[in-house]
Amino acid sequence: MRGAAAGAALAALALLAGLIPALGDEHNHRYQVGDTVTLWVNKVGPYNNPQETYNYYLLPFCRPKPAERPRHKWGGLGEVLQGNELIDSQLELKFRTDVPKRDICRMTLDDEDVEDFSEAVKRHYWYEFFADELPIWGFVGPPPEQTKGDDTVYIYTHKTFDIAYNGDRIIHINLTSENPQPIKGGGQLTFTYEVHWKASSIPFVRRFERYLDFNFFEHQIHWFSIFNSFMMVIFLTGLVTMIMLRTLRKDYARYTQKDHDDLESLERDMNEESGWKLVHGDVFRPPRFLEVLAALVGTGVQLALLVLSVILITIAGALFVERGTIVTVFIICYALTSFVGGYVSGSYYARNEGKAWIQTMLLTACTFPVSCFAIAFVLNTIAIFYQSLAAVPFGSIVIVLLIWMFISFPLCLFGTVVGRNWAGAPDHPCRVKRIPSPIPDKAWYLTPQAIAVVGGLLPFGSIFIEMYFIFTSFWNYKVYYVYGFFLLVFLILLIVTVCVTIVGTYFLLNAENYHWHWTAFSAGASTSVYVMLYSVHYFVVKTKMTGFFQTAFYFGYTAMFCLGLSTMCGAVGYLGALAFVRRIFRGLKVD
Ligand SMILES: *[C@@H]1O[C@H](CO)[C@@H](O)[C@H](O)[C@H]1NC(C)=O
């Protein structure tokens with residue numbers, strides 16, 4: 001048994017190690033004069049549709065010599081999941097060695113080539129190369145706007161690489177596309193390139209600053225919005241503490257006074273008595289669908305911890321400069337934090353005296369991954385149909401499944417068992433009455449539905465400027481690097497969600513409605529409804545995406561994001577409300 005466990009652990013470690021790209025000589029980024037610098041071609045696709053990408057050689061560009069099978073670069077799981085496939089271009093590129101104008105190849109265009117190229121130029125196709133881990137971008141042809149009044153479509157045939165170096169390091173690479181030639185059937189095209197090297201004094205460690213848009217991310221608006229959200233947090237927490245303290249103190253005072261009063265006033269008091277104290281016999285009644293709530297709360301806490309660890313690791317390692325690494329980190333962290341998900345859901349379920357713990361554990365382990373997998377499956381089918389590079393190869397799907405089966409799932413099971421045994425004893429401050437009380441009718445704004453819908457507004461308000469920056473990074477080619485901001489906004493979001501859920505729960509209990517469990521969860525979770533609405537606005541107003549493919553990917557990814565966000569906010573808000581409810585009823589001496 002122990003041997004098997006050790007074997008499984010070793011296999012898991014080997015699996016994790018395989019996710020991290022192998023260390024090659026390109027990875028120390030040092031070259032001698034004359035060393036080969038590999039130019040990798042990656043993807044090509046319409047500029048306005050960031051996910052609609054194709055293999056570079058899907059366009060009839062000159063292919064590498066078929067005799068030698070072109071080298072592919074394995075850059076880790078995250079890179080593949082993000083739809084990258086690096087293929088050796090076999091263009092000769094040597095460190096600090098200029099190449100004068102030289103032919104790549106000559107080709108005669110047949111009708112099919114003409115159609116492919118024209119389509120690509122008309123749809124603003126651009127392509128991405130990599131050299132020494134630096135991205136290089138260029139357009140296939142001049143945008144048709146530039147050649148207005150002219151029916152012929154042109155394609156760039158000459159590429160000039162201007163490469164800056166500092167000592168034995170490559171600092172940056174400029175690509176200039178020139179010499180547009182008309183695309184017409186039977187026409188001859190000669191593709192050429194040249195390379196110039198220039199010394200630069202920019203130190204290697206600062207070479208990525210070129211890709212960061214300081215003006216955009218560190219704009220006054222951004223600072224202002226953080227400041228604003230921060231003020232909101234102070235105001236909200238202050239408000240919550242003040243109202244709660246005052247109300248609760250007055251409530252307790254009245255309640256304990258009853259002992260000393262005569263019977264008559266007690267009777268009057270009981271008749272007058274209203275509000276949260278009346279529901280003490282029902283408030284800890286286990287919620288409907290306890291298994292589902294336990295699973296969602298466990299998953300939500302896991303996601304919160306996951307986001308926190310990914311942000312911290314990214315800040316510590318400055319990972320945003322490396323392709324796909326954040327995705328890899330995300331997957332590994334998800335697998336490892338499964339223990340926490342199992343622990344929280346298992347202990348919560350046991351405290352509510354649930355009996356079907358295996359079912360709950362399965363729900364915890366599966367709900368989120370299976371939902372994401374279902375969406376990803378649909379997107380992948382679309383991508384395969386379009387022959388896009390965004391289609392995840394079968395091998396990578398298997399790796400993800402194996403990680404889930406052999407790391408995430410056992411950890412969730414283990415967490416559940418530990419949670420049940422360590423923290424699973426029922427400990428409600430008040431006993432639950434045998435017969436549920438009726439719930440009085442109240443104004444519409446005190447109904448669970450209203451509280452759930454309004455609950456998401458403030459948390460959404462605290463993140464929506466950041467949403468703009470994140471969406472813009474994701475869909476409009478900005479490198480997101482301000483993870484410090486992200487961390488702040490994340491913490492603000494959690495605090496605001498907890499405060500709002502507590503206030504909402506207090507109102508609901510005061511309306512003598514003890515169905516607060518799902519209301520509290522939905523109040524936090526509804527944040528993502530507003531994010532979803534915002535994403536529709538963003539899609540229509542801020543992007544120029546077109547076509548079924550990109551629309552499906554946009555809304556598919558947003559749906560996954562909102563799914564995670566709602567589970568996380570719902571769980572965090574619910575746990576805050578649970579702590580609050582336990583706190584106020586602990587002070588209440590009844591029975
Ligand atoms: C690349 O382009 C930038 C901006 O246009 C310029 O400042 C830089 O000198 C260029 N580098 C080389 C090596 O030509």
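Residues numbered from 1 in each chain as written. Predicted model: local features only at pLDDT ≥ 70, side-chain atom pairs only at ≥ 80, totals over all residues. Heavy atoms only, no water.

Scanning the protein for helices and strands turns up 16 helices and ten strands. Out of the 591 residues in the protein, the part that is buried amounts to 50%. For the protein, the computed accessible surface area is about 29,200 Å², with 64% contributed by carbon and sulfur atoms. (Helix = DSSP H or I, 4+ residues; strand = E, 2+ residues; numbered from the N terminus. Buried < 20%, exposed > 50% of the residue type's maximum accessible area, 1.4 Å probe, protein only. Areas by Shrake-Rupley, 256 points an atom, 1.4 Å probe, with all protein chains shown as cover.)

In this section: the nonpolar core. Core analysis: the biggest nonpolar cluster contains 54 residues, and Phe217, Met467, Phe471, Tyr480, Val531, Tyr554 and Met568 have the highest contact counts within it. Where this core is concerned, the elements lending two or more residues are helix H4 (214-217), helix H7 (290-317), helix H8 (325-351), helix H9 (357-385), helix H12 (457-475), helix H13 (483-510), helix H15 (527-541) and helix H16 (547-586). The dominant element in this core, judged by the number of residues it contributes, is H16, at ten residues. Looking at this core, you find at least three residues from each of domain 2 (218-255 + 442-591) and domain 3 (288-427). Those residues in contact with Tyr554, other than ones at most four positions away along the chain, are Phe471, Trp475, Ser535, Tyr538, Phe539 and Met545. With 46 residues, the next largest nonpolar core counts Val44, Cys62, Val114 and Val140 among its residues. (Core = buried A, V, L, I, M, F, W, Y, C linked by side-chain atoms within 4.5 Å. Domains from an automatic or database assignment. Contact = heavy atoms within 4.5 Å.)

Our next topic: the side chain of Arg285. Here Arg285 shows up in the loop between helix H6 (263-272) and H7. Here the side chain of Arg285 touches Asp282 through a polar contact of 2.7 Å, side chain to side chain. Those residues within four positions of Arg285 in sequence are excluded, and the remaining contacts are Val432, Lys433, Arg434, Ile435, Pro436, Tyr514 and His517. (Polar contact = N/O pair within 3.5 Å; in protein donor to acceptor, adjacent residues only side chain to side chain.)

Right, let's talk about the UniProt feature "transmembrane region" (unreviewed entry) in the protein for a bit. According to UniProt, the feature "transmembrane region" (unreviewed entry) maps to residues 223-245, 292-320, 326-350, 362-385, 443-471, 483-509, 521-540 and 552-581 in the numbering used here. Within residues 521-540, the helical portion is 95% and the strand portion 0%, while the C-alpha atoms at the span's ends are 30 Å from each other. (UniProt positions renumbered as here; feature names shortened; annotations may be inferred.)

This part takes up the site of the ligand. The full set of residues close to the ligand is Asp162, Ile163, Ala164, His172, Asn174, Lys198 and Arg210. Asn174 has a polar side-chain atom sitting 2.2 Å from an oxygen atom of the ligand. Lys198 is positioned with one of its side-chain polar atoms (N or O) 2.9 Å from an oxygen atom of the ligand. At the level of secondary structure, the elements contributing two or more residues to the shell around the ligand comprise strand S8 (154-166) and strand S9 (169-182). (Near = heavy atom within 4 Å.)

In this section: the side chain of Asn49. You can see Asn49 is positioned in the loop between strand S1 (39-46) and strand S2 (54-55). In terms of polar contacts, Asn49 uses its side chain to reach the backbone carbonyl oxygen of Thr546, at 2.9 Å. Those residues within four positions of Asn49 in sequence are excluded, and the remaining contacts are Arg123, Tyr477, Lys544, Met545, Thr546 and Gln550.

Attention now moves to H9. Across its 29 residues, H9 extends 41 Å between first and last C-alpha, which sits within 8% of the 42 Å expected from 1.5 Å per residue. Within H9, the axis deviates most sharply at Cys366, by approximately 40°, and proline Pro369 lies no more than four positions further along. When we look at burial in H9, the residues that qualify are Thr360, Met361, Thr364, Ala365, Phe368, Pro369, Cys372, Ile375, Leu379, Asn380, Ile382 and Ala383. Residues of H9 that are buried make contact with H7, H8, helix H10 (394-423) and H16. (Expected span 1.5 Å × (residues − 1). Bend = angle between axes of the 7 residues up to and from the residue.)

Next up on the list: the packing of H13 against helix H14 (residues 516-525). One can describe the packing of H13 onto H14 by two numbers: an axis separation of 9 Å at closest approach and a directional angle of 145°. Like other packed secondary-structure pairs, H13 and H14 cross with a definite hand, here right-handed. Between H13, through Thr497, Thr501, Thr505, Leu508 and Leu509, and H14, the contact on the second element is made entirely by Trp516, Thr519, Ala520 and Gly524. Here the residues of the contact of H13 with H14 are counted per class, giving four nonpolar, five polar and no charged. (Axes fitted to C-alpha atoms, helices over the stretch in contact; angles between N-to-C directions. Left-handed = near helix turned anticlockwise from the far one by under 90°. Nonpolar A, V, L, I, M, F, W, Y, C, P; charged D, E, K, R; others polar.)

Across all of its chains, the model carries 63 aromatic pairs by this definition. Measuring from ring centre to ring centre gives 6.2 Å for Tyr334 and Phe368, while their planes differ by 40°; the resulting arrangement is tilted. In this pair, Tyr334 is assigned in helix H8 and Phe368 in helix H9, connecting sequence segments 34 residues apart. Assigned by exposure class, Tyr334 and Phe368 land together as buried. Taking NZ or CZ as reference, Arg169 lies 3.9 Å from the ring centre of Phe204, over its face. (Phe/Tyr/Trp six-rings, centres within 6.5 Å; stacked < 30°, edge-to-face > 60°. Lys NZ or Arg CZ within 6 Å of the ring centre and 35° of its normal.)

Before going further, it helps to spend a moment on a negative patch on the surface. A cluster of acidic residues, Asp110, Asp111, Glu112 and Glu115, forms a negative patch at the surface. Take Asp110: it is sitting in the loop between strand S5 (99-108) and helix H3 (111-122). (Patch = residues over 30% accessible without salt bridge, like charges linked within 9 Å, V, L, I, M, F, W, Y side chains within 5 Å. Salt bridge = Lys/Arg side-chain N within 4 Å of Asp/Glu carboxyl O. Lys, Arg positive; Asp, Glu negative; His and termini not counted. Charge placed at Lys NZ, Arg CZ, Asp CG, Glu CD.)

The next thing to look at is the state of the cysteines. For the structure shown, the criterion picks out one disulfide. Cys366 takes part in no disulfide bond, and the closest cysteine sulfur, belonging to Cys412, lies 8.1 Å away. Note on Cys366: relative accessible area 22%, which makes it partly exposed. (Disulfide = S-S within 2.5 Å.)

Take the pairing of S1 next. Most of S1 sits inside the fold, with eight of its eight residues counted as buried. Two strands pair when backbone bridges link them, and S1 and strand S6 (residues 125-131) are joined in this way by six bridges, in the antiparallel orientation. Each residue of the ladder has a partner; that of Pro46, found in S6, is Tyr125. (Pairing = 2+ DSSP bridges.)

Our focus in this paragraph is the pairing of S8. By the criterion of burial, S8 is predominantly enclosed, with eleven of the 13 residues buried. As paired strands, S8 and S9 are joined by twelve bridges and run antiparallel to one another. Bridging from a neighbouring strand, Ile163 pairs with Ile173 of S9. Taking the residues between adjacent antiparallel strands as the criterion, S8 and S9 are bridged by two residues, where Gly167 takes a positive phi near 65°.

Where side chains of opposite charge bring their charged atoms close, a pairing between them can arise. Taken as a whole and judged by the stated rule, the model has twelve salt bridges. Between Arg71 and Asp88 there is a salt bridge, and its shortest N-O distance comes to 3.4 Å. Placement of Arg71 in the loop between S2 and strand S3 (72-73) and of Asp88 in strand S4 (residues 86-88) is noted, with a sequence separation of 17 residues between them. The class for Arg71 is partly exposed, based on a relative accessible area of 46%. Across the pair Glu209 and Arg206 runs a salt bridge whose closest N-O atoms are separated by 3.2 Å. Glu209 gets classed as partly exposed once you look at its relative accessible area, which sits at 31%. Salt bridges here are not isolated pairs; linked through shared partners, they connect Glu52, Glu119 and Arg123.

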